[in-house]
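Each chain, letter by letter, is given below.
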Amino acid sequence: MPEEQGGTDQRIPRHVSVVMDGNGRWAKQRHLPRVEGHRRGLESVRTAVRGCGEAGVEALTLFAFSSENWRRPASEVRALMGLFRWVLEREVEALRENGIRLRVIGDRQGLGDNLIPLIERAEATTAEGTRMTLNIAANYGGRWDIAQATQQLAREAAEGSLDPADIGEEAIRSRLALADLPEPDLFIRTGGEQRISNFLVWQLAYTELYFTPTLWPDFDEEALQAAFESFSKRQRRFGRTGEQANALTGH
Ligand code: FPP
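Calculation rules
Numbers given to residues run from 1 along each chain, matching the order in which its sequence is written. Reporting in this predicted model follows two pLDDT cut-offs: at least 70 for local features of residues, and 80 or more for side-chain atom pairs to be given and counted; totals over whole chains, interfaces and linings ignore these cut-offs and use all residues. Note: side-chain values were computed over all heavy atoms of the structure, leaving out hydrogens and water. In the sections that follow, a salt bridge refers to a side-chain nitrogen of Lys or Arg positioned within 4 Å of a carboxyl oxygen of Asp or Glu. What counts as a helix is a DSSP run of H or I of at least four residues, what counts as a strand is a run of E of at least two, and both are numbered from the N terminus. Given a helix with a known number of residues, its expected span is that number minus one, times 1.5 Å. Buried means the residue's accessible area, taken with a 1.4 Å probe over protein chains only, is under 20% of the maximum for its type, while exposed means over 50%, and partly exposed covers the values in between. Our arc is simply the arc of the directions from the helix axis toward the C-beta atoms. Contacts: residue pairs with any heavy atoms within 4.5 Å of one another. Only when DSSP finds a minimum of two bridges between them are two strands counted as paired. To get an axis, a line is fitted to the C-alpha atoms, and for a helix only the part in contact is used. The angle between two axes follows their N-to-C directions and goes from 0 to 180 degrees. UniProt positions are given in the numbering used here, feature names are shortened, and annotations may be inferred rather than shown by experiment. Pairing of N or O atoms within 3.5 Å defines a polar contact, subject to two protein rules: one partner must be a possible hydrogen donor and the other a possible acceptor, and residues neighboring in sequence count only if both atoms are side-chain atoms. Aromatic contacts are taken between Phe, Tyr and Trp rings whose centres are within 6.5 Å, Trp giving its six-membered ring; a plane angle under 30 degrees counts as stacked, one over 60 as edge-to-face, and the others as tilted.

Student: How would you summarise the pattern of salt bridges if you had to cite specific residues and measurements?
Tutor: Going through the model one piece at a time under the given rule, you end up with 16 salt bridges. With its nearest N and O atoms 2.8 Å apart, the salt bridge here joins Glu58 to Arg14. Of this pair, Glu58 sits in the loop between helix H2 (34-55) and strand S2 (59-66) while Arg14 sits in the segment before strand S1 (15-19), and the two are 44 residues apart along the sequence. The closest approach of N and O atoms between Arg103 and Asp180, which form a salt bridge, is 2.5 Å. Within this pair, whereas Arg103 is found in strand S3 (residues 100-105), its partner Asp180 is found in the loop between helix H6 (169-173) and strand S5 (186-189), the two being separated by 77 residues in sequence. Shared partners join several salt bridges into a network, and the residues in it are Asp21, Arg25 and Arg189.

Student: Give me the lowdown on helix H7 (residues 221-233), citing residues and values where you can.
Tutor: Helix length check: H7 (13 residues) gives 19 Å between terminal C-alpha atoms against 18 Å at 1.5 Å per residue, within 8%. Turning to H7, its buried residues number three or more, namely Ala223, Leu224, Ala227, Phe228, Ser230 and Phe231. Projected down its long axis, H7 carries its buried residues within an arc of 160°, all on one side. Away from its buried face, by an angle of more than 90 degrees, H7 presents the exposed residues Glu222 and Lys233. Looking at the buried positions of H7, the neighbouring elements they touch are S1, H2, S5 and strand S6 (208-211).

Student: So what's going on with the sheet that holds strand S4 (residues 132-140)? Residues and values would help.
Tutor: What links the strands of a sheet is backbone hydrogen bonding, and the strands pair in either a parallel or an antiparallel sense. Taken in spatial order, the six strands make up an open sheet running S3-S4-S2-S1-S5-S6, and their pairing is parallel. With one partner strand each, in any of the chains shown, S3 and S6 form the two edges of the open sheet. Between one strand and the next, the sheet's axes are offset by a mean angle of 20°, whatever the strand orientation. Of the pairings in the sheet, the one linking S5 to S6 comprises four bridges and is parallel in character. Of the residues in S6, the one forming a bridge with Arg189 is Phe211. Packed onto the sheet, helix H3 (residues 74-97) meets S2, S3 and S4 and runs at close to 155° relative to S3.

Student: An account of the UniProt feature "active site" (unreviewed entry) in the protein chain is requested, with residue identities and associated values reported.
Tutor: The positions UniProt marks with the feature "active site" (unreviewed entry) are Asp21 and Asn69. Over a stretch of 49 residues, the named residues converge on one spot in the fold, their C-alpha atoms separated by at most 12.2 Å. Once residues within four sequence positions are removed from consideration, Asp21 is found in contact with Arg189, Thr190, Gly191, Glu193, Thr214, Leu215 and Trp216. Here Arg189 takes part through its side chain, which lies 3.0 Å from a polar atom of the side chain of Asp21. The class for Asn69 is buried, based on a relative accessible area of 16%. Look past the residues within four positions of Asn69 in its chain and what remains in contact with it is Ala64 and Val77. At a separation of 2.8 Å, a polar atom in the side chain of Asn69 contacts the main-chain amide nitrogen of Ser66.

Student: Any details on the packing of aromatic side chains? Residues and values, ideally.
Tutor: Under the counting rule described, the total for this entry stands at eight aromatic pairs. Ring centres of Tyr140 and Phe199 lie 6.2 Å apart, and the angle between their planes is 90°; on these two criteria the pair is classed as edge-to-face. Of this pair, Tyr140 sits in strand S4 while Phe199 sits in the loop between S5 and S6, and the two are 59 residues apart along the sequence. Phe199 shares its class with Tyr140; the two are buried. Between the aromatic rings of Phe187 and Phe211, the centroid separation amounts to 5.9 Å while the plane-to-plane angle is 65°, which identifies the pairing as edge-to-face. Note that Phe187 is positioned in strand S5 and Phe211 in strand S6, a separation of 24 residues in sequence. An aromatic cluster is defined as three or more aromatic residues linked by ring pairs; in this entry it consists of Phe63, Tyr140, Trp144, Phe187, Phe199 and Phe211.

Printed below as a string of structure tokens:
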């Protein structure tokens, strides 16, 4: 392993995806409003971005707001959008300085006219970053992603630029959000639930899943390292036998 990937023989995932759950419970335990949990959650986002960047992770994808989160109380939705806005307005310069390319995935039309120009500006400002890509999933759902890819395919077929006979896995994959990045090697969900919750449902087909009871605001550098360590010990077989997988990785 190269020095920048930790200096040990620990295997570092190229792409990490995270469901940041437990903000509400963290706040409730402290008799604070749920919004306070999200604010503290943003601190954990900073820690995770720094930790992944330093470890040599190429892409980090965070589930900030799902297509289903609109069902939450209006005040909480407003607060979450406010935090997102804060990141887009105030954190972008630091991301750019650290070589981090920011991208937003999801149905951005649904995020409203105020946020869209901020998203576009943040993506343009950080577009040259080569150290790590930070994907923020906002108004995102894994099934939405597959549906939008399908719509693209249908449009291309209707226009005559695509033969329906050529629609296979690769045609779908290449039209999904994050198609230009390696699929996530590691999925982390904090907060104790053991579900994918309509996150990157296509892209997670072969991903190692890591669930921890730690609430997201408590997910610190040490907790991130524990997730990396767990990943490092797993054997990824991609449908092969254990012996075949070992032969491929030289173990
Ligand atoms: C789930 O916890 C968390 C969310 C729905 C929002 C995550 C948002 C942040 C961490 C802050 C903003 C981050 C960015 C990148 C803009 P929950 O509220 O479901 O917790 P609970 O299960 O304990 O109620």
